[in-house]
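Structural characterization, general
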Amino acid sequence: MQGYNKGFLYFICAVSAMGGLLFGYDWVVIGGAKPFYELYFSISDSPLMQGVAMTTALIGCLAGAMVAGAAADKYGRKPLLMFSAVLFTVSAIGTGLFNDFTLFNIARFVGGVGIGVASALAPMYIAEVSPTEIRGRMVSLNQMTIVLGILGAQIVNMLLARDTSVAESQAWNVEWGWRWMFWAETLPAALFLVMSFFIPESPVFLRLKAAKDSQQKERDAGLRELFQSKYSRILLLGLVIAVFQQWCGTNVIFNYAQEIFVGAGFDVDGMFINIVITGIANVIFTIVALYTIEKWGRRTLILLGAGGLGLIYLILGTCYFFEVKGFVMVALVVAAISTYAMTLAPVTWTLLAEIFPNRIRGIAMATCTFALWVGCCTLTFSFPSMNAALGSSGSFWIYSAICICAFVFLFRNCPETKGKSLEELEKELIK
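Residues numbered from 1 in each chain as written. Predicted model: local features only at pLDDT ≥ 70, side-chain atom pairs only at ≥ 80, totals over all residues. Heavy atoms only, no water.

A separate point is the side chain of Glu201. Following the sequence through the fold, Glu201 ends up in the loop between α7 (186–195) and α8 (203–210). Nearest to the buried, unbridged Glu201 among oppositely charged side chains is Arg77, at 5.2 Å. At 3.0 Å, the side chain of Glu201 and the backbone nitrogen of Arg77 are in polar contact. At 3.3 Å, the side chain of Glu201 and the backbone nitrogen of Lys78 are in polar contact. (Helix = DSSP H or I, 4+ residues; strand = E, 2+ residues; numbered from the N terminus. Buried < 20%, exposed > 50% of the residue type's maximum accessible area, 1.4 Å probe, protein only. Lys, Arg positive; Asp, Glu negative; His and termini not counted. Salt bridge = Lys/Arg side-chain N within 4 Å of Asp/Glu carboxyl O. Polar contact = N/O pair within 3.5 Å; in protein donor to acceptor, adjacent residues only side chain to side chain.)

For the rest of this paragraph, the subject is the nonpolar core. In this structure, Trp27, Tyr37, Leu121, Ile302, Trp373 and Tyr399 are the most contacted members of the largest nonpolar core, which totals 118 residues. If you look at the next biggest cluster of nonpolar residues, it comprises six residues, including Val147, Leu151, Val276 and Val283. (Core = buried A, V, L, I, M, F, W, Y, C linked by side-chain atoms within 4.5 Å.)

Looking at the secondary structure, you find Thr55 in helix α2 (residues 47–75). Residue Thr55 is classed as buried on the basis of its relative accessible area, which comes to 5%.

Let's shift gears to the packing of aromatic side chains. Evaluation of the coordinates by the stated rule reveals 21 aromatic pairs. On the numbers, 4.9 Å between centres and 85 degrees between planes, the contact of Trp180 with Trp183 is edge-to-face. Highlighted residues: Trp180 and Trp183, both in helix α6 (residues 167–183), separated by three residues, approximately one helical turn. Plain terms: the ring middles of Phe396 and Tyr399 are 5.9 Å apart, the flat faces sit at 75 degrees to each other, and that makes the pair edge-to-face. You can see Phe396 and its partner Tyr399 sitting in helix α18 (residues 361–413), three residues apart, about one turn around the helix. (Phe/Tyr/Trp six-rings, centres within 6.5 Å; stacked < 30°, edge-to-face > 60°.)

Our next topic: the packing of helix α1 (residues 6–40) against helix α5 (residues 135–160). With their axes 6 Å apart at the nearest point, α1 and α5 run at an angle of 35 degrees to one another. The chirality of how α1 crosses α5 is right-handed. Tallied by class, the residues present in the contact of α1 with α5 amount to 17 nonpolar, nine polar and no charged. (Axes fitted to C-alpha atoms, helices over the stretch in contact; angles between N-to-C directions. Left-handed = near helix turned anticlockwise from the far one by under 90°. Nonpolar A, V, L, I, M, F, W, Y, C, P; charged D, E, K, R; others polar.)

This part covers the environment of Arg298. Following the sequence through the fold, Arg298 ends up in helix α15 (residues 298–321). Once the C-alpha coordinates of Arg298 and Phe101 are considered, the two residues, 197 residues apart in sequence, prove to be 43 Å apart. Those residues within four positions of Arg298 in sequence are excluded, and the remaining contacts are Arg135, Gly136, Ile293, Val347, Thr350, Leu351, Glu354, Glu416, Thr417 and Lys418. A polar contact is formed between the side chain of Arg298 and the backbone oxygen of Ile293, at a distance of 3.3 Å. Side chain to side chain, Arg298 and Thr417 meet in a polar contact 3.3 Å long. (Contact = heavy atoms within 4.5 Å.)

What follows is about unusual backbone geometry. One non-glycine residue, Ser42, lies in positive phi territory at about 60 degrees. Here Ser42 shows up in the loop between α1 and α2. In this structure, Glu323 takes a positive phi of about 60 degrees despite not being glycine. Residue Glu323 is classed as exposed on the basis of its relative accessible area, which comes to 62%.

Over its 16 residues, helix α11 (residues 232–247) extends 22 Å from the first C-alpha to the last, a length consistent with the 22 Å expected when each residue adds 1.5 Å. Listed in full, the buried residues belonging to α11 are Ile234, Leu235, Leu237, Gly238, Ile241, Ala242, Phe244, Gln245, Gln246 and Trp247. Two residues or fewer after α11 comes Gly249, characterised by a positive phi angle close to 100 degrees. (Expected span 1.5 Å × (residues − 1).)

When pLDDT is averaged along the chain, the result is 85; 90% of the residues meet or exceed 70. The element-level mean pLDDT for the chain is lowest in helix α9 (residues 212–221), coming to 48, with α15 highest at 95. Across residues 217–221 the pLDDT falls below 50, and counting only partners more than four positions away or on other chains, this stretch makes five contacts in the model. (pLDDT = per-residue confidence, 0-100.)

Here we come to the packing of helix α16 (residues 327–342) against helix α17 (residues 344–354). Two quantities define a packed helix pair, namely the angle between the axes and the distance from one axis to the other. The geometry of α16 relative to α17 is characterised by a closest axis approach of 4 Å and an angle of 20 degrees between their N-to-C directions. Here α16 is positioned roughly parallel relative to α17, judged by the angle of their axes. Every residue of α17 that contacts α16 at Thr339, Tyr340, Ala341 and Met342 is listed here: Leu344, Ala345 and Pro346. Split by residue class, the contact of α16 with α17 holds six nonpolar, one polar and no charged. (Parallel < 35°, antiparallel > 145°, perpendicular 65-115°, else oblique.)

A separate point is the environment of Ser196. The residue Ser196 is located in the loop between α7 and α8 in this model. For Ser196, a relative accessible area of 0% gives the class buried. The spatial distance from the C-alpha of Ser196 to the C-alpha of Ile404 is 41 Å, given a sequence separation of 208 residues. Apart from the residues within four sequence positions on either side, Ser196 is in contact with Val15, Lys78 and Met82.

Laid out in structure tokens, this is it:
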């Protein structure tokens, strides 16, 4: 760490990681607001409109991720982070303000674009400003803020949702409760925007900009260069890691917590309590990841995650099959989230920020982030239909099989990046 101002380094990484906090909050807050805005907009009996409301932000994520890489390579990492902060702020205000369902979805789309930009840029920026020996821990800080955002949304939803058994409280939930769930994001979004003025530009981008004349052809090649044969191995690896982080199945617990916990025998109030419990476990084991990612390494953790989730989902599916209820189901769900939080959640972003060469990292991160959000969209769309056709048992058995297949692929193809500079990794991985 010699030659680095530790305090300033932690500051700029923490500011950048605020994009992750807003990512986590914006992504999960809709789950708690869902029962109430559906009644307000009269879509409780329309699965199609419910699906539109749940996935509009995800479509925005795809759009944000699609433009993030090229824009970051052209304009820099810092302006894109500031842009995402503006989008989060506008979305937080608009989503709670609008009384029209179409405008509501437009505001959700804007927030989704912010998520797509922040999810691609924040880990990349942190990797580029961090020294080798703590790079993994610093990038994992982004995942730490994501889970804090998730937990924050879960707590806000629980505190704002009044007793659903009382008619007056239910009326307040439908008229105002869901609005305040979205409005609560405004304060951290505005803080992120203000603080982003005080962080420097990424040194990697500054070097690329300084070498503009000699590098212009390479940087203009963009997506075309990324798909050259010499990058095919790491591009395939990055795409598989990105999609697997979603298709491992853990995120359906956040998006469809109501269905999962009700299916395990809990009422609505029990559902909110269990959601907060899973959020706390998410935070605790993300903290564990901050210490293990540099000690155990990225490869060990991602294999542990794939194998561990495969086993947990196999057991969880079996319990659903035999209609097990209560504490056992909560324990298995918490075990799944804890495993995910300690392994796949932070390691995915760390590996994606490390395995690509400097000159294509922007477009490569954007491509893999786009693939990640495609995975999230397809996961979100497919779960209700799959759950209806196969039941919760069949759904989690499928996720178990996906995890086992991913374990085999990653065992064969995932390198260890711990303790290696970005330049060393480029020489090792690009042959």
